[in-house]
Amino acid sequence: MGKRIGMEVSLMVSEAVKLADVDVIAAYPITPQTHIVEHLSELVADGHLNAEYICVESEHSAMSACAGSSAAGARTYTATSSQGLQLMSELLYVVSAMRMPIVMTVVNRTLSAPLSIWNDQSDIMANRDCGWIMIFAENGQESFDQTLCAFRIAEDRRVLLPVAVNMDGFILSHVIEPYQTVEEEIVEKFLPPFDPLYTLHPDRPVTMGAFAMPELFAETKMAHEIAIRDSYAVIREVWDHWGELTGRRYEPVEEYMTEGADTVFVTIGSYGELGMDVVDRLRAAGKKVGLVKIRLFRPFPYRDILNSLTKFENLLIVDRALSVGGVGGPLASEIKTALYRLEKRPNVFSFIAGLSGRDVPPEKFIEMYEEAMEGLKKNQWDEFTMVGVRQ
Amino acid sequence: MIEIIFHGRGGQGAVTSAEMLALAAIGEGKYAQAFPNFGPERRGAPVVAFARIDTKPIRLRTKIYTPDVAVVLDPSLLSIVDPAKGIKEGGILIINSRKSVTELRKQYGFTVRLAAVDATTIAREVLGLPITNTTMLGALLAMTSVVEEEHLIEPLKNRFGRIAEKNINAMKRAITETKTEV
């Protein structure tokens, strides 16, 4: 077993990138991602990581450089947040459709305006259709584990897609907590060297990212869609292998204390841990409440979600982003879509909580529960509730 | 679970105090968490840092509103924040001040258990700087048993390198000089 040590979660991610022995890092610093790339640049400068660290002048350039290095066959990593992700948005779509297995940490932070550096998931949710595999970590250990798993998933020849590992900015990134590291020999067993199908090379010229006429474009999109759908099986396989090697097992959708529950919170990201604490409190008060945690967001695990959520009467879905002018939270919208074809659907309560890092203590979850129970009594509730908002 | 708040001013090392404490607890095989009150860092402005320590995994990821212990690194903060706010029953407020516990209680009307140490003087004498974060860790050790003294040494050595010895000495001096009510 690896050593158990205390470390800032951002640095755990840098250590995972080091263990993955990446070839190229191209990144532009932005709060709250900064500590990850600072530490990586130190590791490269001090000779602890034999990689090319490309200092770029923007996130647009960062992802462009990642596209080039991945095309050349290099294991490639970047990290960003918020406005940075928005600035690279154009390239996000390009590299996924070009099937480049880039790994990126998105340290989730809200989008301006008003200018704010704090956490929510509006950055990644604004890019949810960019064709990347998207995983959400709930704590430091998982941020570390999923970073290593991401390289293996991305580079698998059955997948060849970029992977974004999301972790809540500050709430995870800036916290010092314990984690179990992994020995190099285990990583060597788990993550073989990157062996790309095609690379840019002067001796074997190929065209990547070519122009497509309308007669071909839809087929390429469908191929991309099928690739990301099919990646589901590989993701599970990789997580199972990681579980065998480390004892830490991950599922696309996980349940906590759902036995006999009629009502469940549905969470994504670091709300998973808080949610467990809240469920313990409500259970102690005799309420039949459980928790369902969504770890995999793209490909959206419809089957797992249906298998799990149809067991309950009431779903309290907690989003950390608002689809402005839409119908509430992105996670709630996706889940409602998944439930549509069922004859008997659970009641869905959509809550938006923690925008721009507003603190969400357990009491706020309990208020959500009480609000939902009140709504049930009256048989009336809003499409979504912005938790604690002053109007 | 024990929850601790460090009150300081930007640049005084409140965040480092919380970090050192968490690392010491993790070194003892416990679970711990340390984090700043996230925001733009401004030198001199009031800041808080949080630490949680438990024997089982910590799932709370929110600020601390009802600490077991509050540690004040800078006496000038007492006139602008109320560090006693929310302290749990049986908790303690530990203040860097030249004043005695009796004087502090009289001046600010604290009703919680109090301890005080002149950490600024210790830090000036031992470190040559009025930075009281490591000194106040000594005061915390004097008043609570959240971690063992020996387990703080390693994180301090890693963080402070060649000035670690001085910081350890400042911490040790505070352990003996911290006073509480009899």
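Residues numbered from 1 in each chain as written. Chains lettered and ligands numbered in written order. Predicted model: local features only at pLDDT ≥ 70, side-chain atom pairs only at ≥ 80, totals over all residues.

Peer 1: Explain unusual backbone geometry residue by residue, including any values.
Peer 2: Residue and element names in this part refer to chain A. For the bond from Thr-31 to Pro-32, the omega torsion is 0°, close enough to zero to count as cis. With respect to the secondary-structure elements, Pro-32 resides in the loop between β2 (24–27) and α2 (34–45). The phi dihedral of Ser-82 falls on the positive side, at around 45°, and the residue is not glycine. The topology assignment puts Ser-82 in helix α4 (residues 82–87). Exposure remark for Ser-82: the 29 C-beta atoms within 10 Å place this residue in the buried category. Non-glycine residue Phe-170 carries a positive phi angle of around 65°. Checked against the element boundaries, Phe-170 lands in the loop between β7 (163–168) and β8 (176–180). (Helix = DSSP H or I, 4+ residues; strand = E, 2+ residues; numbered from the N terminus. Buried ≥ 20, exposed ≤ 12 C-beta atoms within 10 Å, placed from the backbone.)

Peer 1: So what's going on with the interface of chain A and chain B? Which residues, and what values?
Peer 2: One frequent convention defines the size of an interface as the accessible area lost when the parts assemble. Every contact between the two is made by 18 residues of chain A and, on the other side, 16 residues of chain B. At the level of secondary structure, the elements contributing two or more residues to the side of chain A that touches chain B comprise β8 and α10 (271–284) of chain A. With four residues, α10 of chain A is the largest single contributor of residues to the side of chain A that touches chain B. Residue composition of the side of chain A that touches chain B, grouped by class: ten nonpolar, four polar and four charged. (Contact = placed C-beta atoms within 7 Å. Nonpolar A, V, L, I, M, F, W, Y, C, P; charged D, E, K, R; others polar.)

Peer 1: Outline the domain arrangement of chain A, supporting the account with residue identities and numerical values.
Peer 2: All names here are of chain A. Domain parsing of chain A yields domain 1 (4–246) and domain 2 (253–386). Computed from C-alpha atoms alone, the centre-to-centre distance between domain 1 and domain 2 is 28 Å. Residue-level contacts link 26 residues of domain 1 with 20 residues of domain 2. Sort the elements by how many residues they give to the side of domain 1 that touches domain 2 and helix α9 (residues 214–246) lands first, with five residues. Among the residues forming the side of domain 1 that touches domain 2, the class breakdown is 13 nonpolar, eight polar and five charged. (Domains from an automatic or database assignment.)

Peer 1: Pulling in residues and values, what's your account of the nonpolar core?
Peer 2: If you look at the biggest cluster of nonpolar residues, it comprises 183 residues, and the most contacted ones within it are Val-163, Leu-316 and Ile-317 of chain A together with Leu-21 and Ile-94 of chain B. Counting contributing residues, this core receives three or more from each of domain 1 (4–246) and domain 2 (253–386) of chain A. Those residues within four positions of Leu-21 of chain B in sequence are excluded, and the remaining contacts are Ile-4, Ala-34, Ala-51, Leu-137, Val-146 and Val-147 of chain B. (Core = buried A, V, L, I, M, F, W, Y, C linked by C-beta atoms within 7 Å.)

Peer 1: Before we move on, could you go through the packing of helix α3 (residues 119–126) of chain B against helix α4 (residues 133–143) of chain B and cite the residues and values that matter?
Peer 2: How two helices sit against one another is set out by the angle between their axes and by the gap between those axes. All names here are of chain B. Running from N to C, α3 and α4 cross one another at 125°; their axes reach a closest spacing of 9 Å. Put simply, α3 runs oblique to α4. Every pair of crossing elements has a handedness; the one defined by α3 and α4 is right-handed. Contacts between α3 and α4 involve Ala-119, Ile-122 and Ala-123 on the former and, on the latter, Thr-135, Met-136 and Ala-139. For the contact of α3 with α4, the residue count by class is five nonpolar, one polar and no charged. (Axes fitted to C-alpha atoms, helices over the stretch in contact; angles between N-to-C directions. Parallel < 35°, antiparallel > 145°, perpendicular 65-115°, else oblique. Left-handed = near helix turned anticlockwise from the far one by under 90°.)

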